[in-house]
Amino acid sequence: MTKPRVHISVTRVGALVAAALALAVVTLMSLRIGSFSVSTADAVNAVFDYSPESYEETVVRSLRIPRTIIGIGVGAALGVAGAAMQAVTRNPLAAPSILGVNSGAAFGVVTAVFFADFTHPFQFIWFAFAGGLAASLAVYAISSAGQGGVSPVKLVLAGVVVSAVLGSWLTALLLLDQQTLDIVRFWLAGSLAGRDINVFLSVLPFLIVGAACMVTLGNQLNVLSLGEDTARSLGMRTNSMRALVILLVVVLAASSVAVAGPIAFVGLAVPHMVRAVSGPDYRWVLAFSLCIGPVLLLGADISGRVVIRPSEVQVGIITALVGAPFLIFLARQRRIADL
């Protein structure tokens, strides 16, 4: 019995190394490809031996490096958050947006712009973070009310209700004020372009701490994904553990949405993509998600840069276009991969 387990571990380690190499390749492509392409030498020099006299290196240094760094951080956070959500809800179609994070963050931003006349992302970023957190707390409070406490089904239903209410409020404010719409519409599309690296750095500690804590909970997520009764019989305090995981999901997702805007389907698709190699063990699912999340997001961002070059399509639109067929495919499966 030992040899098969060793073989599986070696295979997973090799696959994880391959995923890391894929991330390195996509990162290089992100530095090279845009409205015009630069050589690999220029991209590498912009990172390690920058020359201000070179126009190509200046473009890479000032525009593409911040964009790529943000894509790596946001992609990793959304991938890990999505995997954790699917474990907590035992729902293979779950994503961080189920907790109302996207709707709450958008609600916070639009409300801040409408009432306080904020115009710069650094002014309303914390309203996005607070809105995502408040919406998630509301979802958890609603789902925990009544007999039996929190359950995966109640959590999903509460998320749908809260997202619908916040979406209605958001739409009403945008219809009432054209200026608010002009300020937030680019952010609402979800994009890595034009984002302030200082805004990303301000939420980076939340991303690092949230991802690090989540990765250490792999064993607990394995137990939690077995079901409420089984987890309790193994001695787990399921409500406390679920609350902790949901809090970490909110921190990761709200930070990502605050920086890049609502980006759909990354948290849904990444866990399914990695389980084909990692299996159902969440210790490996989370590790792979840290690499594949940025690969997927940066790949979508690169596609958006070249599809209508020299203009570009926001990454949130690309992920939605790719993610919708993927969601339909998952929904039509008779048997979705075990969580």
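Structural data are supplied above this passage.
Every value quoted in this text rests on a predicted model; they were computed, and no experiment measured them.

Quick one: what's the story with the nonpolar core, residue by residue and with numbers?
The biggest cluster of nonpolar side chains holds 87 residues, and the ones touching the most others in it are Leu99, Met214 and Val245. With 13 residues, helix H11 (residues 238-260) is the single largest residue contributor to this core. With 6 residues, the next largest nonpolar core counts Leu31, Val38, Ala46 and Val60 among its residues.

Describe helix H4 (residues 101-116), with residues and values.
Taking 1.5 Å per residue, 16 residues should reach 22 Å; H4 reaches 22 Å between its end C-alpha atoms and fits that length. Backbone geometry just downstream of H4 places Asp117 in the positive-phi region, at approximately 60°.

Give me the pattern of salt bridges: which residues, what numbers.
Counted according to the given criterion, the structure contains 4 salt bridges. Arg67 serves as the salt-bridge partner of Asp301, at 2.9 Å between the closest nitrogen and oxygen. Taken as a pair, Asp301 in helix H13 (residues 282-306) and Arg67 in helix H3 (residues 55-89) lie far apart in primary sequence, 234 residues in all. With respect to class, Asp301 is no different from Arg67; both count as buried. For the salt bridge of Arg67 with Glu312, the shortest nitrogen-to-oxygen distance reads 2.6 Å.

Can you tell me about unusual backbone geometry, naming the residues and giving the values?
Cis rather than trans, the peptide bond between Arg309 and Pro310 has omega equal to 10°. You can see Pro310 is positioned in the loop between H13 and helix H14 (315-332). Here the phi dihedral of Phe265 falls at roughly 75°; this positive angle occurs in a residue that is not glycine. Relative to the helices and strands, Phe265 is located in the loop between H11 and helix H12 (266-278).

Could you give an account of the environment of Gln220, naming the residues involved and the relevant values?
Note that Gln220 resides in helix H9 (residues 218-224). We classify Gln220 as partly exposed; its relative accessible area is 27%. Along the backbone, Gln220 and Thr238 are 18 residues apart, and their C-alpha atoms lie at a distance of 9.6 Å.

Each value, and the rule that gives it
- Residues numbered from 1 in each chain as written.
- Predicted model: local features only at pLDDT ≥ 70, side-chain atom pairs only at ≥ 80, totals over all residues.
- Heavy atoms only, no water.
- Core = buried A, V, L, I, M, F, W, Y, C linked by side-chain atoms within 4.5 Å.
- Buried < 20%, exposed > 50% of the residue type's maximum accessible area, 1.4 Å probe, protein only.
- Helix = DSSP H or I, 4+ residues; strand = E, 2+ residues; numbered from the N terminus.
- Expected span 1.5 Å × (residues − 1).
- Salt bridge = Lys/Arg side-chain N within 4 Å of Asp/Glu carboxyl O.

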